[in-house]
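Coordinate analysis (summary)
Listed below are the residues making up each chain.
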Amino acid sequence: MIKQTVSIIIPSYNRAHLLPKVIPSYVQDRVCEIIIVDDKSTDNTKEVVKNLKKEFPIIQYFKSEKKIRQTGAKNIGIRMAKGDYCYFGDDDSVLKKGSIESLVNNAVLYPNSIIAARHIYMKEDESLDELLLDLDVSEYKDLKKIYDKKTMNLDLSRRYSKVIEIPFCTYCFLIPSSIAKTNFFNEGFVKTCFREETDYVMQLCKKGLKVYLDCNSLSVDLPRSISKGGIYSVGHISRHLGEVYNE
């Protein structure tokens, strides 16, 4: 039986200092390629990726000659993808071991759906190794523990013992490439492209797709103190105005 493969898509901007820590976590079973789309970085991202590629030949690299932001970068990644599935990662997030295998297994159980990974923000005083052990399992009672309908906020930090259907998800999710290649991200977002993944997922939900949370998978966002670059390259006021506009 031929195993289905996954193309990891990671937009990146001025995160050369984080890539050596982040990228190896995406080298997992089922992953056939890691596509890094460089949104015109001004640091040494190109050289860092070149060195990483020596150790991990599955890395593919594309550098844009103009600013395309996250949505444009993800669309390029979709067009480049050769795997059966696309998984959208981030250049400041570390992926728990075995997450991709678990996501694919659930994608088989729930075909033509969006399979979301859990997502947490690491605090300054927390240990990444301990977070990635992901030992605590909670009892699932109802969706209210995950989704606040009034604010449209999701809390995907808790691990439950079952797959849960949710109304939408954050940036880290798996989708069949056949669907991704006929449904691209809206490139009309500005500044930080705040909510661009929510918009993308909800547009697909309007077409009938469902979203399932795979509680065994986990993406950990590194603390902001080291996550320089990316959206934090945009000034605070400009970033806030962009978020309001996109919202």
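Residues numbered from 1 in each chain as written. Predicted model: local features only at pLDDT ≥ 70, side-chain atom pairs only at ≥ 80, totals over all residues. Heavy atoms only, no water.

What to know about the packing of helix α3 (residues 69-80) against helix α7 (residues 196-206)
One can describe the packing of α3 onto α7 by two numbers: an axis separation of 10 Å at closest approach and a directional angle of 50°. The pairing of α3 with α7 is recorded here as oblique in orientation. In this structure, α3 contributes Q70, T71, K74 and I78 to the contact, and α7 contributes E196, E197 and Y200. Of the residues belonging to the contact of α3 with α7, the class tally is two nonpolar, two polar and three charged. (Axes fitted to C-alpha atoms, helices over the stretch in contact; angles between N-to-C directions. Helix = DSSP H or I, 4+ residues; strand = E, 2+ residues; numbered from the N terminus. Parallel < 35°, antiparallel > 145°, perpendicular 65-115°, else oblique. Contact = heavy atoms within 4.5 Å. Nonpolar A, V, L, I, M, F, W, Y, C, P; charged D, E, K, R; others polar.)

Let's talk about the pattern of salt bridges
On inspection of all chains with the given rule, the structure shows nine salt bridges. Between D134 and K96 there is a salt bridge, with its nearest N and O atoms 2.9 Å apart. In this pair, D134 sits in the loop between α5 (128-133) and β7 (147-148) while K96 sits in the loop between β5 (93-95) and α4 (99-109), placing the two residues 38 residues apart along the sequence. Under the relative-accessibility criterion, D134 is labelled buried at 8%. In this structure, a network of salt bridges that share partners links the residues R15, D91 and D92. (Salt bridge = Lys/Arg side-chain N within 4 Å of Asp/Glu carboxyl O. Buried < 20%, exposed > 50% of the residue type's maximum accessible area, 1.4 Å probe, protein only.)

Some words on the pairing of strand β4 (residues 85-88)
Burial along β4 is two-sided: the residues Y85 and Y87 and C86 and F88 are all buried. Pairing of strand β1 (residues 6-12) with β4 involves four bridges; the strand directions are parallel. Each residue of the ladder has a partner; that of I8, found in β4, is Y87. Pairing between β4 and strand β10 (residues 173-176): three bridges, direction antiparallel. Bridged to Y85 within β10 is P176. (Pairing = 2+ DSSP bridges.)

Focus: α3
Helix length check: α3 (twelve residues) gives 17 Å between terminal C-alpha atoms against 16 Å at 1.5 Å per residue, within 8%. For α3, every residue scored as buried is listed here: T71, G72, A73, K74, N75, I76, G77 and I78. Residues of α3 that are buried in the fold lie against β1, β2 (31-38), β3 (59-63), β4, α6 (177-180) and α7. (Expected span 1.5 Å × (residues − 1).)

So, unusual backbone geometry
The phi angle at R30 is positive, at roughly 85°, despite the residue not being glycine. Tracing the backbone through its elements, the reader meets R30 in the loop between α1 (19-22) and β2. Residue R30 is classed as buried on the basis of its relative accessible area of 15%.

Examining the side chain of S12
Looking at where S12 falls in the secondary structure, it is placed in strand β1. You can call S12 buried: its relative accessible area is 3%. Within polar-contact distance, the side chain of S12 engages the side chain of D91 at 3.0 Å. (Polar contact = N/O pair within 3.5 Å; in protein donor to acceptor, adjacent residues only side chain to side chain.)

Side note on the layout of surface pockets
In this model, the second largest pocket occupies a volume close to 270 Å³. In this structure, the second largest pocket is lined by 15 residues; those nearest its centre are E130, L131, D134, L135 and D136. Put simply, the parts of the chain that give the lining of the second largest pocket at least two residues each are β6 (114-121) and α5. It is α5 that contributes the most residues to the lining of the second largest pocket, three residues altogether. Its residues assigned to classes, the lining of the second largest pocket shows five nonpolar, three polar and seven charged. (1 Å grid on protein atoms, 1.4 Å probe; cavity = no way out; pocket = protein on both sides within 12 Å on 5 of 7 lines; lining within 4 Å. Points joined across faces, edges and corners; volume = space filled by probe spheres on them.)

Here we look at the side chain of S41
Take S41: it is sitting in the loop between β2 and α2 (45-55). In this structure S41 touches S12, Y13, N14 and K63, once residues within four positions along its chain are discounted.

Focus on the pairing of β6
β6 sits mainly inside the fold: seven of its eight residues count as buried. Bridging between β6 and β10 involves two bridges; their strand directions are antiparallel. Residue A116 lies in a different strand from β10, and its bridge partner there is F173.

Brief notes about the confidence of the model for the protein chain
Across the protein chain, pLDDT averages 91, with 89% of residues at or above 70. Note that pLDDT drops below 50 for residues 239-246; the model gives that stretch 14 contacts with residues more than four away or on any other chain. (pLDDT = per-residue confidence, 0-100.)

Observations regarding the environment of R195
Position of R195 relative to the elements: it lies in the loop between α6 and α7. Take R195: its relative accessible area is 16%, and that puts it in the buried class. Taking the C-alpha atoms as reference points, R195 and T170, 25 residues apart in sequence, are found 8.6 Å from one another.

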